[in-house]
There are 2 protein chains.
Amino acid sequence: MQRPATKFNKEKLLINKAKLDEILKQRNMVIQSYEIYGGIAGLYDMGPLGCALKQNILQFWRKHFTTYENFFEVEGPILTPKCVLAASGHTAKFSDYMVKDLKNGCCYRADHLLKTFYENKMEDPATSAEQKAVYDAEMKLVDNLTPEELSAAIKRNGIKAPDTGNDLSEPLAFNLMFATDIGPAGDLKAFLRPETAQGIFTMFKRNLEFNGGKVPFGVTQIGNVFRNEIAPRNGLLRVREFTLAEIEYFVLPDKKTHPNFSDVENLSVQLYPRELQLEDKEAEYITLGKAVNDGIINSQLLAYFMGRTFKFLTELGIPTEHIRFRQHLKTEMAHYARDCWDAEIRLSYGWVECVGHADRGDFDLSNHARCSKVDQSVFIAYDEPKEVKEVTLSFNKGVMGKKYKKDSQKLFAYAAGLDEAAKEAVAKEVEETGMWKVTVDGINFEIEKANITIKIGTKKVYGDNIIPNVIEPSFGVGRVLTAVLEHSFWVREDNEAKSVLSIPASIAPVKVGLFPLLTKPEFNNKVAEIEKICKNGFLSFKSNTTAVAIGKKYAQADEAGIPFDVTVDYTSLSDNTVTLRDRDTTKQIRIPIDKLVETVHALTQLHPTTTFEKLMTIYPVEEVKEN
Amino acid sequence: MQRPATKFNKEKLLINKAKLDEILKQRNMVIQSYEIYGGIAGLYDMGPLGCALKQNILQFWRKHFTTYENFFEVEGPILTPKCVLAASGHTAKFSDYMVKDLKNGCCYRADHLLKTFYENKMEDPATSAEQKAVYDAEMKLVDNLTPEELSAAIKRNGIKAPDTGNDLSEPLAFNLMFATDIGPAGDLKAFLRPETAQGIFTMFKRNLEFNGGKVPFGVTQIGNVFRNEIAPRNGLLRVREFTLAEIEYFVLPDKKTHPNFSDVENLSVQLYPRELQLEDKEAEYITLGKAVNDGIINSQLLAYFMGRTFKFLTELGIPTEHIRFRQHLKTEMAHYARDCWDAEIRLSYGWVECVGHADRGDFDLSNHARCSKVDQSVFIAYDEPKEVKEVTLSFNKGVMGKKYKKDSQKLFAYAAGLDEAAKEAVAKEVEETGMWKVTVDGINFEIEKANITIKIGTKKVYGDNIIPNVIEPSFGVGRVLTAVLEHSFWVREDNEAKSVLSIPASIAPVKVGLFPLLTKPEFNNKVAEIEKICKNGFLSFKSNTTAVAIGKKYAQADEAGIPFDVTVDYTSLSDNTVTLRDRDTTKQIRIPIDKLVETVHALTQLHPTTTFEKLMTIYPVEEVKEN
C-alpha cells in the first residue's frame, strides 16, 4: 500500500484536481467566503483544517527564516496613506489593463482575453500548423504588451466580450489598490497595502538604529495584502486578499554576499534564466555555487536566499523536480526590480510562481528619502579619513545684488548646492572664458571672473552616506499552501474512493484522530479520557465517535491529512494501550496511553525527533487489514 | 535587589508612564506608523521586540484556548460585503457621535469633550463641593446619553471647540467602519471588518457540519479589525487598526453550562456587577461558583470563560488584584448583547477593558438566517418522537378563485404559512362565527365555513430546529500587550536609571542576550560561536558586541525585557562555560555552553519546565556585583 509516484508532464501535475477540490470543500478546508450570501469572487475562508495548516506553515517559516537567520519580525498597519504608495510608485504603476463590454459595462482583463483566445485557437483542429505557430509566438508575448499593442491584438483577432459577443472598449489602466479614507473628515486618502514591503521600508531608520546603525540586517513581515483583481480565478492563486510572508534584507550595494553561502552552494536546482526562456529551451539543473560563478544569478546573496527558499519548500514536502527558479524577462519585471527570480512550483495549473526573489536595488529607500525628506542612508566610515579636493565658490555680493537684485539669492543657493565635480567645471569655465554663464530658474546669469572667487583646497572625509540595497524574498502563503495540498494528495491503489493528504506530520493541521473501535459507552469513555490527556498536553486531536465503521473513520482522517490515528479497542480496556496508525502506510503499533502524548508530539512537532518507522522497532506492530 | 511592589490607587496604576513610553520608543517596540511622513494618528508599528512579544502572546493564547479547549480556529477575509454588515446591524448602529467646529470643520467626539470638561471642573479648586457632586453624577452618565442629551449637555455647559473656541455643530452619528469597493466596476460596496465575529457567523453552517451537526462547539479567529476612530488616543488603547482574538462558542439556549466548570469555580475574582456600580460601591471578591449560584453571572458557561480569561491574564503576569470583571450597564451594551462582562485591568490610564465576555444570544445567526435566507438552525432530535396536534386548512378553490380571482393565491400562500397556534385560532373562529375574516397584503378576505375544510389530526415530530446562542470572549490584543508591559515595568531601587521589563520569560520577545565581557576578538569569536549554536537550536538571541561596559549591556537588555543574559568571560575561553544572568534578580550561574540552548529553552518555552532558582541548585552561582 505504498504511495505511488505523482504523475506529471512538462507543464503540469497530473492529479485529480476535481476530487481534491471536492475534499477541500467537504472537509471544510478552503471555502469561498460569505457562501450563505452567494459568495464573493476572490475571497476565501479557511476552515479549521485549512487555517491550522496555514498557521503551521507560518510557524515553520518563522523558525526557518526569522529565528534561524536572526531577522527582525515587524508588524505595520494594512491602512497606508497615499503619500507612501505614491513614493513607492504604486499609485502610478500598480495597474492591470481591462476592457469593458461596451453595452453592459462588464470588465475583463485584456491579457486574459487574449490568452484564452490563443489557447482555444491552438486546441482547435481547424487551425493550421502554420497559424498555430503564429498564435504560439503571439501568446508568449502577451504579458509584455503595451496598451496600444493589446488593443491592436484584440482588434486584429476580432475578440468580443465573451459573455455577450458585444464590442469591447479600448484597454484602460485599472489600479489594483483598494481605496478608503481615514478620519471623520475623510480628507486623508489611503489604500489597503498591496505588499507588506512598504511598511518595512518606512520603518527602516528605526530598525537600522536597533541594529546599532549597521547593515546588513533582515526584516520580516507576515500579513494580509489586497489587490482588487479584475478577474479573480484559480482558487487561492489569484485572490483579492491574501497573506504574504516577506523578507527585506538591507545590504550595501557592493557587499551582496553571505557568510553562510557554503550551506547552500552545492544544492542542485532547476534554473530557468532569461536566455533559455527566449530560446524556448527547458530549465537546467545547476548548483547555486556554479550559477553565481557563471554570472547567471547576479549576486551570491540572491542565490543564498534562493537556496534557503529551496530548502524551505522541500521540507514542506515539495519534491525537488517540481521546483524551478525562473528569471523574469526584462519587460516583465516590477517597476522596482533590478533582477528577479521566481521559485515556481509545478501544480495542476502549470508552473506557478510561489516565491519571488527580487533585487529591488535602492529604489524604495531612495524614493522614500526623496518624498519624506528624511535621510535613509547608512554612514559607512572609512578605515582612514580621506583627504579630498574641495572647491569653494564665493561671489562679490554687492555687485551681484546690484545687477540681479533679489534674483541673486537664487544664484547663491544654486551655487551652494553644486557637488564637487560641478564646482570644478565652474572653475574650469571661469579659467578658460573669464566668465561663468548659467541659467537658474529661467534667469540667465553672467558672472565675470572679477566677481567670483574660486578657492581650491582639501578637506577630510570620514566616510560615505550610502543608501542600502534591498534583496526581497516574498512568499505567497496561499500559493505555498496550495502546492503543499496538491503535492500531498494521492489515491490508494487498492481503492479509488480512498484519497489521502500526506501532509508532512510537522505541519499537519490536526495531529491525531481518536476513535473507538465500536460505539459503546466503555470505548467512548476511554476516548474521552484520552481527549483530556491530549488537552492537558496541548496536543491537537479530532475525535470521531459516530456509528460509522472504523475503516471509514480512517479514510475520513486520511482525507483530512491527520497523520496518526488512535483506536480504542477491547485490549485498551484491559491494559491501557491503544493502537497508533500511520496515515501514509496504514501500519499500526500498540502503545501505552501514558506514552501517547509525548510520542505524537515527537512525531509531529515542527522538527520531529522520531519517525513511525523507528517506533515500529520499539513497540509491537499490529497486523491489521483495512478494506 | 528584589522587585518592589507596584504602587497603585483605587483607579490607577502609579508607574512612571513617561519613562515607559520613552523605553518603548527607544527600544523600537511600539512606534507611530509612517513616522518619516509625520505619522498617522491611530496607527502603530510593532518593531522587532513589540512584534515578537505580540506573537508570543498570540501563541500562548492559541494553546490556552484553541488547543486546550479543542476549538476550531478559522480565518476569514477582512473585506466584508455590505449585506453581511447590514444583517449584523453594523451599517445602522456602529457609530459614535461627533461634533464639528462650525468654522474650520475639525471633528471631536461629543462624549470625550464632555468628559474632559467634567474632569477639568472636578480638578478645578474653584468648583464648589456641591457643583462637583453634580458634575460627578453627570460624568457617570456620559456613555449612555442620546444625541439630544449630548447636545443639551454641551450647550448647558457652554462647551466650545477646544482648539479654537468656535461654536460646535449638533452631534452627528459617524459610522466607524472604513468603506471601500470590490471589483473593477466599483458596484460591490464593502467595509473593512469592525470585528472578526461576523466572519465566524457566516461560516457557522460549515463548522456545524464539521462538528457532525452538533453543538456546542467553539470557533476562534485572530485577525486585524478596523474602526475609523474620530479621536484616536492613549497609545494602543484606542486605535484605528488592531488585532482581536475572538471566540464564538455556539450553544443551545437552555444548555449554558460547561463540563469543566469545576476547574474554575473556586477562583476568587473581583466582580463589579451593575448594582454595585450604580450604588457607587467598589468591586467585590467572590468565587465564580458562588457568582453563578447567586445569579450574579447569568450562566455557568459565561462564568467558565471568565475563569479561563482570568487564568490567561494571570499567567501573562497580571496580578490578581489588578483584574476585575465589570458588568455592562443596560444602556451601555452593544446592540447585539444580552449580557456583557468586561475583564478590566488596572493600568496607568485607569481601569481598561481588555477582554469582553458577551452573551450575544441568537442575535447574529437569526439575522443572517433572515437576510441570507439560509437556515442557521441546529436540529435537536427528541429522545422519542412526539405526537402533536396538526390542523390542516383547505379551501374550495373553485369558489375562492371566482370570488377573489388571482388574489386567492395570496390567501392560500398565507394560510399555508401559518403555524399550528394560528391555524387553531382560525379553526376556533370558523367554529364560533361560521366565517374566517382575514386581511392579507391589504386585501380583505371573508371565507364562509362551507368553503374551508378544517381537519384536526396528529403528526409525529422528531425534534426541534433551534438557532444556537453565542457566548463571545473577545480579546483586544494591543490592550493585553499594554497591560503586560505596564505590569512588568519597574525601576531598580539602587539605581533610578535602571528600568526593567520583567516580561514573563515564556512570552519575552528575545530569550537571551549574548555579550562579550570585553570587546576583544577572542571574546567576540566565542560569541559568534554561541550565535551559531542558538540559530541551529532555533533560540532567539540578541548580541551586543559594542564597546560599552557589561553593566550597561545588562541594563539595555533589562529594558528590552530579555530574561537571561549570557556573558563570555576569561573562564569561557579556557573551559567553554559562560555565565547566565537572571534579569529579575541579576543573579548569575555558570553553565557549560553545550547545555545552554536546552536550558534556556526549558526556562523560556510557553510552559517552562524549569526555573532559574532550580538551576541555582544545579550549577555554580557566580558572585557578581552590578553597579
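Residues numbered from 1 in each chain as written. Chains lettered and ligands numbered in written order. Predicted model: local features only at pLDDT ≥ 70, side-chain atom pairs only at ≥ 80, totals over all residues. Heavy atoms only, no water.

Another aspect to go through is the interface of chain B and chain A. Across the boundary between the two partners, chain B contributes 82 residues, which contact 82 residues of chain A. Of the roughly 7300 Å² buried between chain B and chain A on both sides combined, carbon and sulfur atoms contribute 61%. For the pair chain B and chain A, the interface holds four salt bridges. Run the count over chain B and chain A and you get 29 residue pairs in polar contact (both at pLDDT 80 or more). Take the side of chain B that touches chain A: its biggest share by element is 12 residues, from helix α2 (residues 48-69) of chain B. A breakdown of the residues in the side of chain B that touches chain A according to their chemical character gives 40 nonpolar, 24 polar and 18 charged. (Contact = heavy atoms within 4.5 Å. Buried area = accessible area lost by both parts, 1.4 Å probe. Salt bridge = Lys/Arg side-chain N within 4 Å of Asp/Glu carboxyl O. Polar contact = N/O pair within 3.5 Å; in protein donor to acceptor, adjacent residues only side chain to side chain. Helix = DSSP H or I, 4+ residues; strand = E, 2+ residues; numbered from the N terminus. Nonpolar A, V, L, I, M, F, W, Y, C, P; charged D, E, K, R; others polar.)

Before going further, it helps to spend a moment on the packing of helix α5 (residues 110-123) of chain B against helix α7 (residues 147-156) of chain B. Residue and element names in this part refer to chain B. The geometry of α5 relative to α7 is characterised by a closest axis approach of 10 Å and an angle of 40 degrees between their N-to-C directions. If you check the angle between α5 and α7, you find them oblique. The chirality of how α5 crosses α7 is left-handed. Residues Ala-110, Asp-111, Leu-114 and Tyr-118 of α5 form the contact with α7, whose own contacting residues are Leu-150, Ala-153, Ile-154 and Arg-156. (Axes fitted to C-alpha atoms, helices over the stretch in contact; angles between N-to-C directions. Parallel < 35°, antiparallel > 145°, perpendicular 65-115°, else oblique. Left-handed = near helix turned anticlockwise from the far one by under 90°.)

If you rotate chain B by 180 degrees and push it 0.1 Å along the axis, it lands on chain A with an RMSD of 0.3 Å. Considering both components of the superposition, the chain copies are consistent with a two-fold axis. Identified as the residue of chain B closest to the rotation axis by C-alpha distance is Thr180(B), at 2.7 Å. The share of interface residues of chain B whose copies in chain A are also at the interface is 100%, consistent with both copies meeting through the same surface. (Least-squares fit on C-alpha atoms with pLDDT ≥ 70 in both.)

So, on to the side chain of Ser474(A). Residues and elements named next belong to chain A. Its location among the elements puts Ser-474 in strand β21 (residues 469-476). Overall, Ser-474 belongs to the buried group, its relative accessible area being 13%. Polar side-chain contacts of Ser-474 include one of 2.8 Å to the side chain of Glu-246. (Buried < 20%, exposed > 50% of the residue type's maximum accessible area, 1.4 Å probe, protein only.)

The next point concerns the state of the cysteines. Within this structure, the stated rule accounts for zero disulfides over all chains. Unpaired in terms of disulfides, Cys51(A) finds its nearest cysteine sulfur in Cys51(B), a separation of 18 Å. A relative accessible area of 1% places Cys51(A) in the buried class. For Cys354(A), which is in no disulfide, the shortest distance to another cysteine sulfur is to Cys340(A) and amounts to 14 Å. (Disulfide = S-S within 2.5 Å.)

Confidence in the prediction for chain A averages 93 pLDDT; 100% of positions are at 70 or higher. For this predicted complex, the interface score ipTM comes out at 0.90, alongside a pTM of 0.90. (pLDDT = per-residue confidence, 0-100.)

Per the UniProt entry, the sites bearing "domain: Aminoacyl-transfer RNA synthetases class-II family profile" (unreviewed entry) are residues 19-516 of chain A in this numbering. As annotated, residues 19-516 of chain A has a helix share of 34% and a strand share of 31%, and its two end C-alpha atoms lie 28 Å apart. (UniProt positions renumbered as here; feature names shortened; annotations may be inferred.)

Residue and element names in this part refer to chain B. Within the open sheet, the six strands sit side by side as β25-β24-β26-β27-β28-β29. Their pairing is mixed. The sheet terminates laterally at β25 (541-543) and β29 (621-622), the two strands that pair on one side only. When strand β26 (residues 564-568) meets strand β27 (residues 577-582), the two strands line up antiparallel, connected through four bridges. Bridge pairing links Asp-565 to Arg-581 in β27. Along the sheet, helix α18 (residues 521-536) makes contact with β24 (512-516), β25, β26 and β27, crossing β24 at roughly 160 degrees. Across the sheet, helix α19 (residues 550-559) touches β24, β26, β27 and β28 (588-592), and the angle it forms with β24 is around 165 degrees. (Pairing = 2+ DSSP bridges.)

For the rest of this paragraph, the subject is a nonpolar patch on the surface. Judged by side-chain polarity, Leu518(A), Tyr570(A) and Leu573(A) come together as a nonpolar surface patch covering roughly 270 Å² of accessible area. Relative to the helices and strands, Leu518(A) resides in the loop between β24 (512-516) and α18 (521-536). (Patch = residues over 30% accessible without salt bridge, like charges linked within 9 Å, V, L, I, M, F, W, Y side chains within 5 Å. Areas by Shrake-Rupley, 256 points an atom, 1.4 Å probe, with all protein chains shown as cover.)

This part is about the domain arrangement of chain A. Assigned domains within chain A: domain 1 (17-82 + 193-364 + 471-476), domain 2 (95-175), domain 3 (384-464) and domain 4 (510-622). Here the C-alpha centroids of domain 1 of chain A and domain 3 of chain A sit 50 Å apart. (Domains from an automatic or database assignment.)

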